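Summary of the model geometry
Residues per chain are reported as follows:
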Amino acid sequence: MTITPGHWLALSAALFTIGLIGVLVRRNLIIIFMAIELMLNAGNIALVTFSNLHQQVSGQVFALFVIAVAAAEAAVGLGIVLALYRNKETVNIDEITVMRW
Amino acid sequence: MGTAIAFYILAALILTGGVLVITAKSAVHSVVWLVGTIIAIAALYVVQHAEFLAVIQVLVYAGGIVVLYLFVVMLVNLKRPAEAIVHPQRRERTGLLLGGALLAQFAAVAFYAFNSPQVGTAATYSARGNVEAVARALYVEYLVPFEVASVLLLVAMVGAIVLARRDA
Amino acid sequence: MIDMVVIPVFKMLVVITAVLSAVAYMVLLERKVQAWVQVRLGPMRVGPHGVLQPIADVLKLITKEDVRPASADRFLFTLAPILVVVPALIVFAVVPFGTSTTMFGKEISLYITDLDIGLLYIVSVASIGLYGLILGGWASNSKYPLLSSLRASAQIVSYEVAVTMTLVSLIVTAGSLSLVEIVKAQEAHGVWYVFIQPVAFVIFVIGALAETNRAPFDLPEAEQELVGGFHTEYSGMRFALFFLAEYTNMIVVSAVGVTMFLGGWLAPFSSVSWLAWLGLVPGWVWFSLKTFLLLSLFLWIRATLPRYRYDQLMRLGWKVLIPLALVNLAVSAVLKVLL
Amino acid sequence: MQVVPTMADMAWLAPELTLTVGLLILLIGGLFVPRDRQSAIVWAGFVVLGATLAALVPQAGRDVTIANGVFAVDGFAVFIKVIAIVAAMITLETSRHWLTIEGVRATEYVVLVMTATLGMMVMASGVDLVTMFIGLETMAVSFYVMVGYLKPNRRSNEAALKYFVLGTFSTGVLIYGMAWTYGLAGSTRIADIAIAAASPEGSIVAWRFAIMLLVAGLGFKIAAVPFHMWAPDVYEGAPTPIASFLSVGSKAASFAMLIRLMLEAFPSASSDWRSALYVLAALSMTVGNIAAMTQNNLKRLLAYSSIAHAGYVTIGLVAATPRGISASLVYIAVYACMQMGAFAIVTALRQKGVPGEELHEFSGLAHRRPWMAFAMLIFMIALGGIPPTAGFMGKMWLFGAAIDSGYVWLAVIGVANSVLSVYYYARVVMWMWMTPQESEAPLPIAPSMAIAISLAAAAVIIGGLFPDQLFTWAESSARALGVVSVAPALTLR
């Protein structure tokens, strides 16, 4: 019953995959954004696990940077959604078709 | 033993939460599940002795980023329209196929890479605790990226205002 | 076993009981104080001078019918009140009520736990409570609660920045994130931080009023505009939970304010020799007394000041308090390095 | 022992600091500039970028790693930074005209161009995963905003959205790859990763997996097939000067990051990533060129052509010899001139009420504006790789390097593609010379725009006639990476 880094990494891989499936399957933009957040979080879990494995904080600090990046991306991404919504009232990716997708 | 119990409970919570995020019918429910997942991940960081990161995860992710999502969902999604899926079968099949293949691959990698359990946990890497260790790394080792990150956040701020402002 | 499980559980029970009864009597106190300010008597019927009124109120709320609007989102409608209450209560895990006491021959610390990131824990847990407000308003599927909850959350998010910034300047002064350490630092400095950081204290009090949606910043509950606020559609037990959370939050901010600025469990005037006997009073009594004083200040303000307009509120937060808090933080940091 | 970066470190950061301070002053100062004097802000931005370029001069020929080993100042970084800054300056120069026509605010636009440049500079200098990642994101987030800068325009909205969704998705992939790289190596420093990768403990599959994720994540940024699907839509919808900056600056910086990661972090795994990049290069060239043939919108055409050019540049990286890398660098520089020149002409055609992007709008340009048509002819010839232009010289070197390293078939694919590409570049020229004039409307061109176009055209010609200088510079820059250590047959155990 010992928990090895492999366990944590498997968890992170599973979460990454869930996020990936979400991006590919869902059509609601905001849910796609959230699936991408899941992918970033999976990366963070891997970083923290490796950080423990190597007994250094670099991985945790890297994860902090990832969180900062996620915040910046969320702000800009939601700004883009709002700008789009003002012009065309949809958040469905299939209805965004002025140019070929 | 304690770690094992914590791991399995948290793993179950995180994965269930993740699945619910991408399967929920309404975007608001997705947001709620995302919050749950993020808090469970924060608990996972505590188990892994990354206390500072855990608190930041809750504070920034749950308290900031996801609130933003909730705001936008409410601004653009008030009427709760059903999500129109244009080619449901095709999309879902590709998605699931790809996802399944990747899951298998990832799991294989995770297990193969660390099949020799090098158990390395339970350490704060500094006599004076996790917070100080993180602070030292952040302000000494990674000072340059830290400063660049401040420019990044400035860009995000300017960008969000530029994009969301209604021009007169 | 006893140290690991029994004592913490016992402590939690004591704290929760204390908080819950404090909330009940806060409500009575609020009605009384308002009445006195308006030269009325307030509740007088249940018990002498109405002292049993809270018990009657609680019984009434529990026995009331629990109505859920037909078009409400069933899951979120139930989740929202819980999401508001739980964070408010678990914040108390790191609040130190005193140093330690001896009970049944055992040394027992008067706090549930002492995290070295205590203050960040409080700020982050408190930020979760926001979801309860937004989701409660949204799940009701009704116009006014939604508007109110968006107002409330915008207000809380805005003022959180300023309040957190003032707390950071205190962290800089004290050199620790642990609440116990911060009180000890005040002991070591021989002065409460309200005297070192007066600007931070003022910002903190204003921000605390706004974050708890109290007058003069109680816009989310402005009856004239928004009926009853984000919990308009709630009744019975679920409504009681919102109510409980609101008052618990007031106690939380007061307790944090006391810990950070007013020396926590420390006795006043410790440097004045002929007042040294004040130190004989147990620390938790001082703590409770100071918290009570801060709470009374909130009640007094509510009874005295008129409500702000929404744009005024936002302007105050973003254009006055946040820049001020930033300057205060910068000055604190510079002084810390220089002195 | 790690210490807080000192003043000496700060001196090495002079270009970045100049740019940062400049953009902060501009951001605040821009508030006080009246609306009808917006071009003053563009001028100020131009001056700051010029100062940054000047601050870069003392760094030429140096090779140091500063700030606890996260930031390198070497010939390679300087080479890429010069391209990025010059691209930003040309972008500002061509934007002046465009900003007046679209009537949008200039301050934030100029500031975002500068922050994107800062991100590129950090990417070029980063020798640490964290630094590279933050630089990349600073650039990417700036671009997300700039692509969507025309808020009332739905195409701009959609372009921003597509770029954002695929960009953040690739960030997720990249961060996962970086997490694995860090985990396997135990350090975020490129130098340490190289040491760990040379004698890998544990699973080799995991190392390959990490490299694959990194290549895929960066493949999105350089728009290599099969990660290219965003590029045409984004280039078409984005403001034209931004599309040009995106296709040049972003691509150059991402290539810098890719080259540094592959050569400095994973020289021992070269056979793995070379075969991956081989496929990417071949696919990008072929798909890009074939898709470009059917395009009638010039911005889309240039987008597909830029995908193909990403393929050409990758050839040098597949060769992975000093000659190959220097050929890649040369080609990036040459491509920057050709691509920005072509985009500048598209920008110039944009007038009030006229999009100026469709091919038929170029009809009879040779009669309306002979000089502009001639410049466009030069860019088209160069993009097609026809002598005597720099485009020809660059391709010669690339294919030569590939043959040197034994990648004859890759060179053959490259040559075949160059021939193929001449078709659609010639189509543009045909429209300009062979079709009667469609519109009689005057076509005013700002002097700054004319100067930018002329300079780019001159650079393309001079680079073709006297290429030695550029080649020498690129070679010395490539040497900074220590690519000599990559022997062709070295593989991961």
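Scroll up to find the structure.
A brief structural summary. (Residues numbered from 1 in each chain as written. Chains lettered and ligands numbered in written order. Predicted model: local features only at pLDDT ≥ 70, side-chain atom pairs only at ≥ 80, totals over all residues. Heavy atoms only, no water.)

1. Focus: the overall build of chain A
Helix and strand content of chain A: three helices and zero strands. Helices and strands appear in chain A in the N-to-C order α-α-α. Among the 101 residues that make up chain A, the fraction classed as buried is 83%. Sequence separation of 24 or more characterises 51% of the internal contacts of chain A that already satisfy a separation of 6 or more. Carbon and sulfur atoms form 54% of the exposed surface of chain A, whose accessible area is close to 2,100 Å². (Helix = DSSP H or I, 4+ residues; strand = E, 2+ residues; numbered from the N terminus. Buried < 20%, exposed > 50% of the residue type's maximum accessible area, 1.4 Å probe, protein only. Contact = heavy atoms within 4.5 Å. Areas by Shrake-Rupley, 256 points an atom, 1.4 Å probe, with all protein chains shown as cover.)

2. Examining the interface of chain A and chain B
Reports of interface size often rely on the accessible area that becomes lost once the parts have come together. Each partner contributes to the interface: chain A provides 71 residues, whereas chain B provides 82 residues. In total, about 7,000 Å² of surface goes out of reach between chain A and chain B, with carbon and sulfur atoms giving 76% of it. Inspection of the chain A/chain B interface yields zero salt bridges. The tally of links between chain A and chain B comes to six residue pairs in polar contact (both at pLDDT 80 or more). Those elements giving two or more residues to the side of chain A that touches chain B turn out to be helix H1 (5-25), helix H2 (29-53) and helix H3 (58-87) of chain A. Element by element, the count of residues in the side of chain A that touches chain B is highest for H3(A), at 23 residues. Split by residue class, the side of chain A that touches chain B holds 48 nonpolar, 17 polar and six charged. (Buried area = accessible area lost by both parts, 1.4 Å probe. Salt bridge = Lys/Arg side-chain N within 4 Å of Asp/Glu carboxyl O. Polar contact = N/O pair within 3.5 Å; in protein donor to acceptor, adjacent residues only side chain to side chain. Nonpolar A, V, L, I, M, F, W, Y, C, P; charged D, E, K, R; others polar.)

3. Notes on the arrangement of the chains
Summarising the chain contacts, four pairs of chains touch, and the pair with the most contacts is chains A and B. At the C-alpha level, the nearest point of chain A lies 14 Å from chain C, with no contact between them. A gap remains between chain C and chain D, with no contact made and the closest C-alpha atoms lying 16 Å from each other.

4. Considering the interface of chain D and chain B
With 40 residues of chain D in contact, the opposing surface of chain B contributes 26 residues. Roughly 2,800 Å² is buried in total at the junction of chain D and chain B, and carbon and sulfur atoms are behind 80% of that figure. A per-residue breakdown of the area chain D buries against chain B is headed by Ile134(D), Lys151(D) and Phe209(D), which together make up 19% of the total. Our count for the chain D to chain B interface comes out at one salt bridge. For Arg189(D), the salt bridge is made with Glu141(B), and the minimal N-O distance between the two is 3.0 Å. Across the contact surface, chain D and chain B share five residue pairs in polar contact (both at pLDDT 80 or more). Of all the secondary structure elements, the ones that give two or more residues to the side of chain D that touches chain B are helix H2 (14-29), helix H5 (107-125), helix H6 (129-147), helix H7 (154-185) and helix H9 (204-222) of chain D. Of the residues forming the side of chain D that touches chain B, the biggest block, eight residues, is contributed by H6(D). Residues that form the side of chain D that touches chain B fall into these classes: 24 nonpolar, 10 polar and six charged.

5. Considering the packing of aromatic side chains
The full count for this structure, using the stated rule, is 34 aromatic pairs over all chains. An angle of 75 degrees between the planes, with centres 6.2 Å apart, marks the rings of Trp230(D) and Tyr235(D) as edge-to-face. Here Trp230(D) and Tyr235(D) have matching classes, each one buried. Taken together, the ring pairs in this structure connect Phe33(A), Tyr144(D), Tyr163(D), Phe164(D), Trp230(D), Tyr235(D) and Phe343(D) into an aromatic cluster. (Phe/Tyr/Trp six-rings, centres within 6.5 Å; stacked < 30°, edge-to-face > 60°.)

6. Overview of the nonpolar core
Nonpolar side chains in soluble globular proteins generally cluster together in the buried interior. Counting 399 residues, the largest nonpolar core has Phe143(D), Trp230(D), Phe266(D) and Trp273(D) as the members making the most contacts within it. When residues are assigned to domains, this core turns out to be shared by domain 1 (1-78) and domain 2 (126-168) of chain B, each giving three or more. (Core = buried A, V, L, I, M, F, W, Y, C linked by side-chain atoms within 4.5 Å. Domains from an automatic or database assignment.)

7. Points about the side chain of Arg189(D)
Residue and element names in this part refer to chain D. With respect to the helices and strands, the residue Arg 189 is situated in the loop between H7 and helix H8 (190-198). Residue classification places Arg 189 among the buried positions, given a relative accessible area of 9%. From its side chain, Arg 189 meets the backbone oxygen of Asn 68 in a polar contact 2.9 Å long.

8. Considering the pattern of salt bridges
Think of it this way: side chains of opposite charge can pair up when their charged atoms draw near. All names here are of chain D. A full pass over the atoms with the stated rule returns 19 salt bridges over all chains. Here Arg 260 makes a salt bridge to Asp 74, at a shortest N to O gap of 3.1 Å. With a gap of 186 residues between them, Arg 260 in helix H11 (residues 240-265) and Asp 74 in the loop between strand S2 (71-73) and helix H4 (75-102) connect regions that are remote in the sequence. Residues Arg 260 and Asp 74 agree in their burial class; the two are buried. A single salt-bridge network, built from bridges that share partners, covers Arg 155, Lys 162, Asp 233, Glu 236 and Arg 300.

9. Examining the environment of Met89(D)
Residues and elements named next belong to chain D. In this structure, Met 89 sits in helix H4. Put simply, Met 89 and Thr 168 are 79 residues apart on the chain and 27 Å apart in space, counted from C-alpha to C-alpha. If we skip the residues at most four places from it in the chain, Met 89 touches Phe 46, Leu 49, Gly 50 and Leu 53.

Everything listed here is a matter of geometry and, on its own, says nothing about what the molecule does.
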